[in-house]
Structures are given as structure tokens and as C-alpha cells.
Amino acid sequence: MARTGITYEQVATAADALVGQGEKPSIQRIREQLGTGSPNTIHRHLKAWRATQAPAERRAARLPDELTAALAEELERQAAAARAEAESEALEAQHTADELAATGEQLEEQVEELSGQVETLESERDRVTGERDEARSALAEFRERVRELEAQRDDARQQLAEARNRCQTLEEQRNEERQARIEAQREAKQADQARIEAERALAVAETRTEAAQQQAEERAKTLQEERQARQQDAQVHRQALVEQREEYRERLTAVEKQAQEARQTAQEAVQGRTKAETRAEALAARLEALEKPR
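Remember, it's a predicted structure, so these values are computed and weren't measured experimentally.

**Section: the overall build of the protein**
Helices and strands together make up the secondary structure of the protein, namely five helices and zero strands. Listed by position from the N terminus, the elements making up the protein come as α-α-α-α-α. For the protein, buried positions account for 10% of its 294 residues. For the protein, the share of sequence-separated contacts (at least 6 apart) that also reach a separation of at least 24 residues comes to 62%. Entry remark: accessible area of the protein is about 25,100 Å², with carbon and sulfur atoms responsible for 51%.

Spelled out as C-alpha cells, the structure:
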């Protein structure tokens, strides 16, 4: 922020005080009198103060009128020439001083403005430095967190690989169990098929028995009057039906036994064929050995 400069009243008061002390007002003396102030500002106010001061009257020595007139004329001529030259130099010097004072004031204002900007930039620099330190600290924490997450990711990958291996092992075991279950279901299906066929044959026998029994009952109903006479025949017939049912059951048992014997026979035939092939190979080897010339 730009500083407040000294005022014209301060400079004028200091100049009047110096004149009262019998001293000539100057920029340096006024600055010493005030204890502060820019030389350029003091010069501008001192110039304005001097413009308000009337020149002091001088007492001239009493000379004869002729000499006084001659001297006055010569002095006036020389004074006019000197005054013109002095005024020209003074005006030029004053103009130069004014320009320098104006330039100095502008430079002082620029310096004050730049000082304010420097203070602002220093404050901004301190703030940015603090933010940079905070960012570095946050970055270090972030990198540490990233390392922790990478370690957790590696552990998770290891656990995932182990889990996949366990899943693959369980999948293989499940496939083996599924295959075994399919085999058991197929064997159970074959057993159920055989049981169904046996039950079907038994049902046919029972149906036939029931049909025969129904025919017998109808016949017995028709021949009710002859019931007494044919009761023994009916009993014999029922006995025959029972025997026939037993015969069907025995046939079913025999069929199952024949099927089992057939499976066993087929297995023995396979084993026998293997043995026969082994024996045939041995005989062929012996025959080949016998046929070789000795």
C-alpha cells in the first residue's frame, strides 16, 4: 500500500521556522526539520512556498545624482543582461528540477507500488510454500497408501489363485462324483427295468388269474344250482389257479436266475476266450518253433 506523503503546510511551516532562525530553507534542512519526507515532494512544496515570498528590499548607498544615474544605467544594463541570462538558466534549471522531481515522485510511487506487490508476492509465496509442503506430505501419504494397497492386491491375487485351485479340485471331484452317480443311476435303471419286466410278467399272470377267477365266479354264479355238485370241481380249479400262479412265480424266478447265469456265462466266456487266445498264441509260438529248421 502507498504511503501518505508530507503536505505543503508541513513544508511551509518548516521553511518559515528556518527563515526565523536566520537559515536558508533547503531540501535537506527541511527534511531534517520534519524528520521524514521525500526529497522530490519537499522540492515541489518548497518551490510553491518560494513563489509566495516577496523579494526583500535593499537599501542603496547615497551617491551623487550624476554618478548615481550613470551607475544606475550601467548597472541596469548589466543587471538586465545578467538577469536575462540568470533567468534563462534558472528557468532551464527549474524546468529540469521540475521534471526530475516529477520523475522522482513517479519513481517513488512505482517503488511503493512495487513494494506492496513484493509484500503481496511474498505472502503468496509463503502461502504457496505451505500448500506445497502440505501437497508433498499428502503425496507421501498417498504413495504409502498405494504401497499398502499394492501389497493387499498381491495378497488378494494369491488368495484368488489358491481359491481357483481349490475350485478346480472341487470341480474335478464333482465331475468324478457325477460320473459315478451316472453309472449308479444306469445300473439302477437296468435293475429297475429288469424288475419292471418281472413285475409286468407277474401282472400278466395275475391278470390271467383274475380273468380265470372271474370266469369261474361267473360260471359258479350261472351254475349256482349245481354248486353243491360242482363244489369239488371249483375247489380243484382254484387249486389249479393257485398252482398256476405259483408256476408263474417260479418261471419268473427261473428267468431271473437264467439271466444271472447268462451274465456269468458271458463273463466266463470272455475269460475263456482270453485264455483260449493266450493258449492259441502259445501253440502258435510252439508251432513256429517246431517248423524252424534245426
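Once the structure has been displayed, the description carries forward.
**Description of the nonpolar core**
Nonpolar side chains in soluble globular proteins generally cluster together in the buried interior. One finds Ile 6, Val 11, Ala 12, Ala 14, Ala 15, Leu 18, Ile 30, Ile 42, Leu 46 and Trp 49 forming the largest nonpolar core, which totals 10 residues. Listing elements by their share of this core, those giving two or more residues are α1 (8–20) and α3 (39–51). If near-sequence neighbours (up to four positions away) are discounted, Ile 42 is found in contact with Ile 6, Val 11, Ile 27, Ile 30, Arg 31, Thr 36 and Gly 37.

**Structural notes on a nonpolar patch on the surface**
On the surface, Leu 67, Leu 71 and Leu 75 cluster together into a nonpolar patch covering about 250 Å² of accessible area. One can find Leu 75 in helix α4 (residues 65–222). You can call Leu 75 exposed: its relative accessible area is 51%.

**Focus: the side chain of His 45**
Of note, His 45 is situated in helix α3. With relative accessibility at 10%, the residue His 45 sits in the buried group. When sequence neighbours within four positions are dropped, the list of residues in contact with His 45 reads Ile 6, Thr 7, Tyr 8 and Val 11.

**Overview of the pattern of salt bridges**
Counted by the stated rule, this structure contains 11 salt bridges. The partner of Asp 133 in a salt bridge is Arg 132, with the nearest N and O atoms 3.5 Å apart. Judged by relative accessible area, Asp 133 falls into the partly exposed class, the value being 39%. Among the charged side chains, a salt-bridge network with shared partners connects Glu 124, Arg 127 and Glu 131.

**Things to note about the packing of α1 against α3**
Angle between the axes and distance between the axes are the two parameters that describe a pair of packed helices. One can describe the packing of α1 onto α3 by two numbers: an axis separation of 9 Å at closest approach and a directional angle of 65°. For the pair α1 and α3, the sense of crossing is right-handed. Contacts between α1 and α3 pair Tyr 8, Val 11, Ala 12, Ala 15, Asp 16 and Val 19 from the former with Ile 42, His 45, Leu 46, Ala 48 and Trp 49 from the latter.

**Notes on the confidence of the model for the protein**
Per-residue pLDDT for the protein has a mean of 80; in total, 82% of the residues score no lower than 70. Note on residues 57–61: pLDDT is under 50 here. Beyond four places in sequence and across chains, it has zero contacts.

**Quick look at the packing of α1 against helix α2 (residues 27–34)**
In contact at an axis separation of 9 Å, α1 and α2 are set at 105° when each is read in the N-to-C sense. When the interaxial angle is binned, α1 and α2 end up roughly perpendicular. Along the contact surface, α1 presents Gln 10, Val 11, Ala 14, Ala 15, Ala 17 and Leu 18, while α2 presents Arg 29, Ile 30, Gln 33 and Leu 34. Partitioned by chemical class, the residues of the contact of α1 with α2 number seven nonpolar, two polar and one charged.

**Structural notes on the environment of Ala 14**
Positionally, Ala 14 belongs in helix α1. Remark: the alpha-carbon pair of Ala 14 and Gln 33, spanning 19 residues in sequence, is separated by 6.4 Å. Residues within four places of Ala 14 in sequence aside, it is in contact with Ile 30, Gln 33 and Leu 34.

How each quantity is defined
- For every chain, the first residue of the written sequence is number 1, and numbering continues from 1 onward in sequence order.
- Reporting in this predicted model follows two pLDDT cut-offs: at least 70 for local features of residues, and 80 or more for side-chain atom pairs to be given and counted; totals over whole chains, interfaces and linings ignore these cut-offs and use all residues.
- With hydrogens and water stripped out, all remaining heavy atoms of the structure feed into the side-chain values.
- In DSSP terms, a helix is any run of H or I states spanning at least four residues, a strand is any run of E spanning at least two, and both are numbered starting from the N terminus.
- The rule is simple: take the accessible area with a 1.4 Å probe, protein chains only, and divide by the maximum for that residue type; under 20% is buried, over 50% is exposed, in between is partly exposed.
- Here, two residues are considered to be in contact whenever any of their heavy atoms come within 4.5 Å of each other.
- All accessibility values rest on the Shrake-Rupley procedure with a 1.4 Å probe; residue burial counts only the protein chains present in the view.
- Residues belong to one nonpolar core when they are buried, are Ala, Val, Leu, Ile, Met, Phe, Trp, Tyr or Cys, and are joined through side-chain atoms within 4.5 Å.
- Residues enter patches when they are more than 30% accessible in relative terms and free of salt bridges; like-charged ones are connected within 9 Å and nonpolar ones (Val, Leu, Ile, Met, Phe, Trp, Tyr) within 5 Å.
- For this document, the term salt bridge refers to a Lys or Arg side-chain nitrogen within 4 Å of an Asp or Glu carboxyl oxygen.
- A fitted line through C-alpha atoms represents every axis, and for helices the fit uses only the stretch in contact; the resulting angles, taken between N-to-C directions, go from 0 to 180 degrees.
- Two helices crossing with the near one rotated counterclockwise from the far one by less than a right angle form a left-handed crossing, whereas a clockwise rotation gives a right-handed crossing.
- How sure the predictor is of each residue is captured by pLDDT, a score from 0 to 100.
- Note on terminology: angles under 35 degrees are roughly parallel, angles over 145 are roughly antiparallel, angles of 65 to 115 are roughly perpendicular, and the others are oblique.
- Residues are grouped as follows: Ala, Val, Leu, Ile, Met, Phe, Trp, Tyr, Cys and Pro are nonpolar; Asp, Glu, Lys and Arg are charged; every other residue, Gly included, is polar.

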